[in-house]
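In case you want the letters, here they are:
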Amino acid sequence: MHPYVLDGLTVLFPFEAYQCQVDYMKAVVACLMRGQNGILESPTGTGKTLSLLCASLAWLEQYKILNAELNEAPVQIIYASRTHSQLAQVVKEFKSTDYNRMKITVLGSRDQLCIHPEVKALENSSDKISACREKVRQKTCLFHRNFEMTKPEVVKLPPMDIEDLVKEGTQKKFCPYFAARELKEKADIIFMPYNYLLDAKARRIHKINVRKCVLIFDEAHNIEQQCEDAASVVISSLDLAGCLEDITKVMQWMIDSQSETTAPVDENDEKNVDANALTVTQDQICNLKLKVVKLEELLDNMKTTKGNIPSPGDTAYKWLKSAEIDFNPQGDVQHLLDINQFMAARSGTIFRSNGHSLLKLSEFIETVYPLDENGQPLFTLDMDAQRRGVFKVYLEEETSNNEQRPSIITAKRPKKLHYWCLSPGFAMRQLCMQNTRSILLTSGTLSPIDSFKAQLAIPFDIVIQNNHIIEQNQLFAGILPRSAGNKHLLTSVYRTRQNPEYQEALGQTLHNVIKNIPGGVLVFFPCYKMIEEVVATWKNNATFETMNQRKRVLIEQRNKAKFESQMKEFNTIIDNDERGAMLFAVARGKLSEGIDFSDKSCRAVIIIGIPFAPHQDRRVVAKRHYLDEINRGNKDAMPGDMWYSQQAFRAINQCVGRVIRHRRDYGAVLFFDQRFENNRDKLSKWLCPYVHTVDFTGMMKGLKDFFAQYPSIPAAEQSTRPIQQAFFASIGHITTTSKSSVQPTVSSEDIFRTTIKQSISVTVKSTDEDTSNKSNLVHKSLFDAISSTQRTGPTAALQNTGTDDKQRDFDAMLEVKRREATRVESLPRKFFRTTETFEDNSSTLPNNTPTTPVANAKTSEYRELLSQLKAAMSHGIYPRFTHMLQDHKTHKTDREIYLKLQTLLVESLAKHHPKLFMDMARHISAEFRQEYIQAGQIYSSSNNAQQTLTVLSSNKRKDLSSSNDQDMPSPKVIKTGQSINPFRCK
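How each quantity is defined
- Residues numbered from 1 in each chain as written.
- Predicted model: local features only at pLDDT ≥ 70, side-chain atom pairs only at ≥ 80, totals over all residues.
- Heavy atoms only, no water.
- Helix = DSSP H or I, 4+ residues; strand = E, 2+ residues; numbered from the N terminus.
- Buried < 20%, exposed > 50% of the residue type's maximum accessible area, 1.4 Å probe, protein only.
- Contact = heavy atoms within 4.5 Å.
- Areas by Shrake-Rupley, 256 points an atom, 1.4 Å probe, with all protein chains shown as cover.
- Salt bridge = Lys/Arg side-chain N within 4 Å of Asp/Glu carboxyl O.
- Pairing = 2+ DSSP bridges.
- Axes fitted to C-alpha atoms, helices over the stretch in contact; angles between N-to-C directions.
- Phe/Tyr/Trp six-rings, centres within 6.5 Å; stacked < 30°, edge-to-face > 60°.
- Lys, Arg positive; Asp, Glu negative; His and termini not counted.
- Polar contact = N/O pair within 3.5 Å; in protein donor to acceptor, adjacent residues only side chain to side chain.
- Arc of directions from axis to C-beta.
- Core = buried A, V, L, I, M, F, W, Y, C linked by side-chain atoms within 4.5 Å.
- Parallel < 35°, antiparallel > 145°, perpendicular 65-115°, else oblique.
- Left-handed = near helix turned anticlockwise from the far one by under 90°.
- Nonpolar A, V, L, I, M, F, W, Y, C, P; charged D, E, K, R; others polar.
- pLDDT = per-residue confidence, 0-100.

**Here we look at the overall build of the chain**
Here comes step 1: Looking only at helices and strands, one finds 40 helices and 20 strands in the chain.
Here comes step 2: Residues classed as buried in the chain amount to 55% of the 986 residues present.
Here comes step 3: In the chain, 79% of the contacts between residues at least 6 apart in sequence involve partners at least 24 apart.
Here comes step 4: Taken as a whole, the chain presents about 43,800 Å² of accessible surface, with 49% of it coming from carbon and sulfur.

**Remarks on the pattern of salt bridges**
Oppositely charged side chains can form a pair if their charged atoms are brought close together.
Here comes step 1: On inspection of all chains with the given rule, the structure shows 36 salt bridges.
Here comes step 2: For Glu-931, the salt bridge goes to Arg-895, with nearest N and O atoms at 2.8 Å. On the criterion of sequence distance, the pair formed by Glu-931 in helix α39 (residues 926–939) and Arg-895 in helix α37 (residues 895–910) is long-range, its members being 36 residues apart.
Here comes step 3: Of the residues examined, Glu-931 reaches a relative accessible area of 25% and is grouped as partly exposed.
Here comes step 4: Taking the shortest distance from any N to any O, the salt bridge between Asp-919 and Lys-915 comes out at 3.2 Å. Of the two residues, Asp-919 and Lys-915 both sit in helix α38 (residues 914–919), 4 residues apart, roughly one turn of that helix.
Here comes step 5: With a relative accessible area of 21%, Asp-919 lands in the partly exposed category.
Here comes step 6: The exposure class assigned to Lys-915 is exposed, which follows from its relative accessible area of 52%.

**Observations concerning the sheet that holds strand β7 (residues 214–217)**
The pairing of strands in a sheet comes from backbone hydrogen bonds and takes either a parallel or an antiparallel form.
Here comes step 1: If you trace the 7 strands from one edge of the open sheet to the other, you get β5-β6-β4-β7-β12-β3-β13, paired in parallel fashion. If you trace the sheet from one side to the other, it starts and ends with β5 (104–106) and β13 (462–465), each paired once. With strand direction ignored, the average angle separating the axes of adjacent strands in the sheet is 15°.
Here comes step 2: Running over the sheet, helix α20 (residues 425–432) touches β7 and β12 (438–443) and is turned about 140° from β12.
Here comes step 3: Along the sheet, helix α21 (residues 449–456) contacts β3 (38–41), β12 and β13; its crossing angle with β3, the most-contacted strand, is approximately 145°.

**Overview of the packing of aromatic side chains**
Here comes step 1: Applying the stated criterion across every chain, the model contains 30 aromatic pairs.
Here comes step 2: Measuring from ring centre to ring centre gives 6.4 Å for Phe-147 and Phe-178, while their planes differ by 35°; the resulting arrangement is tilted. You can see Phe-147 sitting in helix α7 (residues 142–149) and its partner Phe-178 sitting in helix α10 (residues 176–183), a full 31 residues away along the chain. As far as the burial class goes, Phe-147 and Phe-178 line up, both buried.
Here comes step 3: Taking 4.9 Å as the distance between ring centres and 55° as the angle between the ring planes, the aromatic pair formed by Trp-253 and Phe-342 counts as tilted.

**Points about the side chain of Asp-338**
Here comes step 1: With respect to the secondary-structure elements, Asp-338 resides in helix α17 (residues 332–344).
Here comes step 2: Lacking a salt bridge, the buried Asp-338 has Arg-133 as its closest oppositely charged neighbour, with an N-O distance of 7.3 Å.
Here comes step 3: Within the structure, the side chain of Asp-338 is placed 3.1 Å from the side chain of Thr-279, a separation counted as a polar contact.
Here comes step 4: Those residues in contact with Asp-338 that sit more than four places away from it in its chain are Leu-278, Thr-279 and Val-280.

**Thoughts on the pairing of strand β19 (residues 667–672)**
Consecutive side chains along a regular strand alternate between the two faces of the sheet.
Here comes step 1: Within β19, 6 of the 6 residues are buried, which leaves it mostly tucked inside the rest of the structure.
Here comes step 2: Judged by which residues are buried, β19 turns out to be covered on both faces: Gly-667, Val-669 and Phe-671 on one side and Ala-668, Leu-670 and Phe-672 on the other are all buried.
Here comes step 3: Looking at chain direction, strand β14 (residues 475–479) and β19 are connected through 5 bridges and run parallel. Residue pairing for β19: Ile-479 is matched across the bridge by Phe-671.
Here comes step 4: Two strands pair when backbone bridges link them, and strand β18 (residues 604–608) and β19 are joined in this way by 5 bridges, in the parallel orientation. Counted as the bridge partner of Ile-608 is Phe-672 from β19.

**Overview of the sheet that holds strand β8 (residues 233–236)**
Here comes step 1: Strand order in this open sheet of 4 strands is β8-β11-β10-β9, and the pairing throughout is antiparallel. Looking at which strands have only one partner, the edges of the open sheet turn out to be β8 and β9 (311–312).
Here comes step 2: In this sheet, strand β10 (residues 391–397) lies alongside β9 in antiparallel orientation, the contact comprising 2 bridges. Each bridged residue has a counterpart across the sheet, and for Pro-312 the counterpart in β10 is Lys-392.
Here comes step 3: Its contacts with the sheet place helix α15 (residues 282–301) against β8, β10 and β11 (415–421), and it is angled at close to 90° to β11.
Here comes step 4: Running at roughly 40° to β11, helix α27 (residues 618–633) makes contact with β10 and β11 of the sheet.

**Let's talk about α7**
Here comes step 1: For α7, the complete set of buried residues consists of Phe-143, His-144, Asn-146 and Phe-147. Take α7 and look down its axis: the buried residues cluster within an arc of 160°, on one side only.
Here comes step 2: Contacts made by the buried residues of α7 are with α5 (117–120), α6 (125–138), α8 (151–154) and α10.

**Side note on the side chain of Glu-41**
Here comes step 1: Position of Glu-41 among the secondary structure elements: in strand β3.
Here comes step 2: There is no salt bridge for the buried Glu-41, and the closest opposite charge comes from Arg-650, which lies 7.1 Å off by N-O distance.
Here comes step 3: In terms of polar contacts, Glu-41 uses its side chain to reach the backbone amide nitrogen of Leu-446, at 2.8 Å.
Here comes step 4: In this view, Glu-41 contacts Ser-443, Gly-444, Thr-445, Leu-446, Ser-447, Ile-449, Ile-464, Gln-465 and Asn-466; residues no more than four positions away in its chain are not counted.

**Description of unusual backbone geometry**
Here comes step 1: With omega at -5°, the peptide bond leading from Ser-447 into Pro-448 counts as cis.
Here comes step 2: Looking at where Pro-448 falls in the secondary structure, it is placed in the loop between β12 and α21.
Here comes step 3: A positive phi angle is found at Asp-7, which is not glycine, with a value near 55°.
Here comes step 4: Locating Asp-7 in the fold gives a position in the loop between β1 (2–6) and β2 (9–13).

**Quick look at the nonpolar core**
Here is a general trend for soluble globular proteins: nonpolar side chains tend to be buried in one another's company.
Here comes step 1: With 93 residues, the main nonpolar core has Phe-191, Phe-217, Ile-223 and Leu-441 as its most contacted residues.
Here comes step 2: Among the elements that line this core, the one with the most residues is helix α2 (residues 48–66), at 10 residues.
Here comes step 3: Excluding its chain neighbours within four sequence positions, the residues that come into contact with Ile-223 are Leu-198, Phe-217, Met-428, Leu-441, Phe-452 and Leu-456.
Here comes step 4: In terms of nonpolar packing, the next biggest core, distinct from the first, is built from 56 residues, Val-233, Val-250, Val-292 and Leu-320 among them.

**Notes on helix α19 (residues 383–390)**
Here comes step 1: Taken together, the buried positions of α19 are Met-383, Gln-386, Arg-387 and Val-390. Looking straight down α19, one finds that the buried residues subtend no more than 105° of arc, so they occupy a single side.
Here comes step 2: On the buried face of α19, the contacting elements are α16 (314–322), α18 (356–368), β10, β11, α20 and α27.

**Overview of the packing of α17 against α18**
Relative orientation and spacing of two packed helices are given, respectively, by the angle between their axes and the distance between those axes.
Here comes step 1: The interhelical angle for the contact between α17 and α18, taken along N-to-C directions, is 160°, at an axis separation of 9 Å. As summarised for this structure, α17 and α18 are arranged roughly antiparallel, according to the angle between their axes. The element α17 and its partner α18 pack so that their crossing is left-handed. Between α17 and α18, the residues in contact are Val-333, Leu-336, Leu-337, Ile-339, Asn-340 and Met-343 and His-356, Leu-358, Leu-359, Leu-361, Ser-362, Ile-365 and Glu-366, respectively.
Here comes step 2: A per-class count over the contact of α17 with α18 returns 9 nonpolar, 3 polar and 1 charged.

**Quick notes on the packing of helix α36 (residues 877–890) against α37**
Here comes step 1: Across the interface, α36 lies against α37 with an axial gap of 9 Å and an inter-helix angle of 145°. In this structure, α36 crosses over α37, and the sense of that crossing is left-handed. Residues Ile-877, Arg-880, Phe-881, Met-884, Leu-885, Asp-887 and His-888 of α36 form the contact with α37, whose participating residues are Ile-897, Tyr-898, Lys-900, Leu-901, Leu-904, Leu-905 and Ser-908.
Here comes step 2: Among the residues making up the contact of α36 with α37, the classes are represented as 9 nonpolar, 2 polar and 3 charged.

**Here's the deal with the confidence of the model for the chain**
Here comes step 1: The pLDDT averaged across the chain works out to 77; a share of 75% of its residues lies at or above 70.
Here comes step 2: Confidence drops under pLDDT 50 across residues 265–273; counting only partners more than four residues distant or on other chains, this segment forms 9 contacts.
Here comes step 3: A low-confidence stretch, residues 956–986 stays under pLDDT 50, and its non-local contacts, those more than four residues away or across chains, total 102 contacts.

In structure tokens, the structure reads:
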């Protein structure tokens with residue numbers, strides 16, 4: 001451990017800290033020592049989580065020692081993040097510190113912690129809560145009983161995240177949910193999701209006391225929306241009708257149970273329930289029903305909101321007050337919860353309903369009239385002013401309803417009442433009023449800080465904005481205003497987003513750019529709808545197919561289970577497929593935060609468009625109008641348009657953070673929209689110095705030169721490379737000239753002419769660095785000769801094509817010529833689609849270039865073979881064959897790809913076209929060729945076909961043996977030690 005003395009406090013850090021980490025820890029210590037609030041912005045990858053933990057726990061340890069003799073409640077640190085997966089990463093970091101002996105707990109819901117098989121099987125979270133409470137009340141939960149008996153042992157458990165606690169509880173048969181709640185009483189640091197702190201209802205349910213606590217909000221870039229959502233709620237006429245229906249059923253049960261008290265009781269009858277199981281009396285339930293009837297009548301008579309300007313928030317409170325709702329902790333809310341718990345526990349026996357509508361009404365009442373963890377009302381003095389000022393009510397008619405359940409009282413069209421909190425400062429002020437010691441907000445994307453502070457409406461005395469720890473040569477950042485060929489302006493505004501020409505230009509640009517990016521690529525779109533539209537267009541014109549050949553393309557799944565499966569698939573591709581993968585995702589979606597895309601998992605982030613919120617969304621309109629009203633009275637306040645823009649760019653900055661995850665990571669950030677040119681100042685402070693505007697040629701050249709710095713070498717060695725300037729050839733920035741760039745210029749046309757001459761010869765002399773080392777090479781085709789140029793090279797200049805600009809031109813030319821030689825008029829157009837992107841930049845053979853008899857003969861032979869294969873295969877099989885063959889040529893040693901090709905050829909040719917099947921043997925790589933021939937012999941069932949295959953295979957072995965068992969050339973240039981292509985993943 002490395003000690004650092006900060007303001008007199010010794011902080012132990014697991015390794016030597018960077019200066020930005022020391023500055024960050026200084027700010028944390030200052031906040032805690034002075035009891036002040038702080039905003040701490042530090043880019044992703046700078047180790048802010050570890051710095052935050054070490055500094056805060058060092059302070060807490062010293063504080064406990066200095067105040068050990070005082071008889072006071074212990075000070076705790078409450079560490080909140082957005083998701084449980086993020087909290088699991090924080091707990092992992094905690095275990096690596098010198099403070100891992102301190103007591104911790106992780107609070108979670110029953111969804112994560114309950115291990116009772118019956119409760120776990122329930123799909124709805126509300127049902128799990130009700131079922132759990134009922135089993136605990138009746139003492140029928142084995143795990144809860146064991147927990148009560150083993151409390152002394154449970155509180156001694158070592159630090160655990162949720163997954164570890166569930167495993168421990170499963171093994172020892174105690175309840176992890178109640179264990180976590182018990183551990184919180186003596187914990188030094190408590191980890192929990194945002195909403196447990198920001199929502200007053202959640203704090204009361206989980207008995208979270210924040211008095212004198214240090215509250216840390218990690219990944220706080222979402223906290224504004226989280227605060228507003230925690231204080232907002234909605235209820236509809238259908239919910240009220242459901243409440244009445246449920247209450248009526250319970251009242252009927254109470255009447256029936258009383259009439260059966262004198263009848264014999266069958267103990268095995270599931271419908272037989274103890275009459276004392278329901279704690280609500282008949283008078284209480286009758287009064288409750290009358291109040292709900294009144295609420296429904298009042299809501300039915302309320303006028304819907306005209307336009308997009310909502311009513312003041314106190315409208316909701318007056319509505320509840322008019323129905324004489326009892327707001328006391330043991331009043332109507334508690335009665336609703338008791339009835340819900342009773343019904344949910346018996347939803348499969350006595351009641352068909354599980355009482356969800358009752359929960360919705362109780363939640364609405366608690367949100368409009370919030371209580372603290374002690375059951376006392378919040379903002380007792382100015383709550384009315386708060387409701388009128390920061391809350392709005394929007395009333396609308398139901399437009400889509402799948403339940404089609406009419407109201408019991410009225411047959412009019414159902415309505416929906418929205419109660420919106422439009423100021424995140426409301427929830428933050430609630431926390432401050434509970435006498436917290438310090439509130440720390442930290443993230444990599446909190447800028448602009450001034451508006452962020454203003455929105456939260458509490459004082460922040462200490463603010464820090466760190467720079468990144470990476471060097472200048474570790475990030476390439478460019479704005480691309482126009483598409484490939486400079487034909488189309490790139491801007492995804494709504495009016496152009498659906499334009500087919502824009503979609504086509506965007507697809508071609510994206511496909512070309514990813515050629516120069518190794519590993520994984522994340523492409524962020526403004527919304528799911530745009531992804532669906534452009535993918536549909538790209539699939540129609542085969543652009544999507546060509547992208548998928550370049551990199552495997554995956555589209556973000558919305559379903560949780562499918563998303564987890566997709567991420568496993570993505571990681572498998574990154575680890576095993578040198579092409580890498582490309583993920584289409586949505587800004588503000590699952591992929592924009594909480595997942596660690598380090599190293600080759602993400603070598604580039606591409607931002608397409610600006611993710612503005614839907615400008616006609618009712619809540620967005622209300623928020624902008626609310627801010628404009630404040631701005632009219634206070635010109636220093638932020639207007640609605642500025643807030644609207646900042647929210648979009650904060651989402652972009654969060655997406656950008658996916659690319660650099662640690663000190664030695666590197667990658668590119670590309671902005672495909674011309675609007676970024678005038679909005680650079682809205683990007684993260686650390687990112688701005690890297691960003692430049694480039695044209696398409698400059699971006700391609702810049703990406704190529706950038707990634708040429710980083711061949712596949714260990715990460716530890718990458719840090720020793722010299723710092724270079726950003727690579728923007730088109731805008732005249734100074735670049736470090738690579739060794740290969742000073743070699744004599746050799747065009748792809750020169751390469752091709754040389755190869756044609758070589759193809760006439762039977763042998764070729766090797767011109768490697770050791771000129772005395774020669775070998776004879778027999779070319780079976782024109783394209784063997786072309787590929788051999790890559791391996792041996794006619795000139796010394798070609799030895800460095802792996803890092804020279806001509807390497808990519810050569811690859812492109814080779815692909816075009818290979819396709820042209822195998823082309824026949826009847827081949828499907830989409831088979832040749834990938835060549836179109838090469839033709840723009842590649843040289844082609846001039847009309848006056850002489851052709852040789854050998855080349856013509858070989859070309860005719862291959863053309864004839866393809867024609868025969870097309871005739872032999874069905875219409876649906878042949879396109880699959882062409883793609884499988886191309887994959888096999890690209891990945892010669894990949895057994896999985898070979899087996900797919902073998903299966904298709906055996907089933908299509910071996911039985912009825914044995915000669916064609918054997919002719920294809922020379923196109924199978926040497927590693928699998930013998931296996932291919934044997935597979936055909938085994939499959940053939942008729943004697944004639946078996947004999948034919950035997951004879952053909954014997955002849956084929958002789959033919960292949962005489963050719964020194966050379967492989968058919970790959971569609972792409974083979975990588976060798978003499979010519980390393982740094983753009984391909986290892």
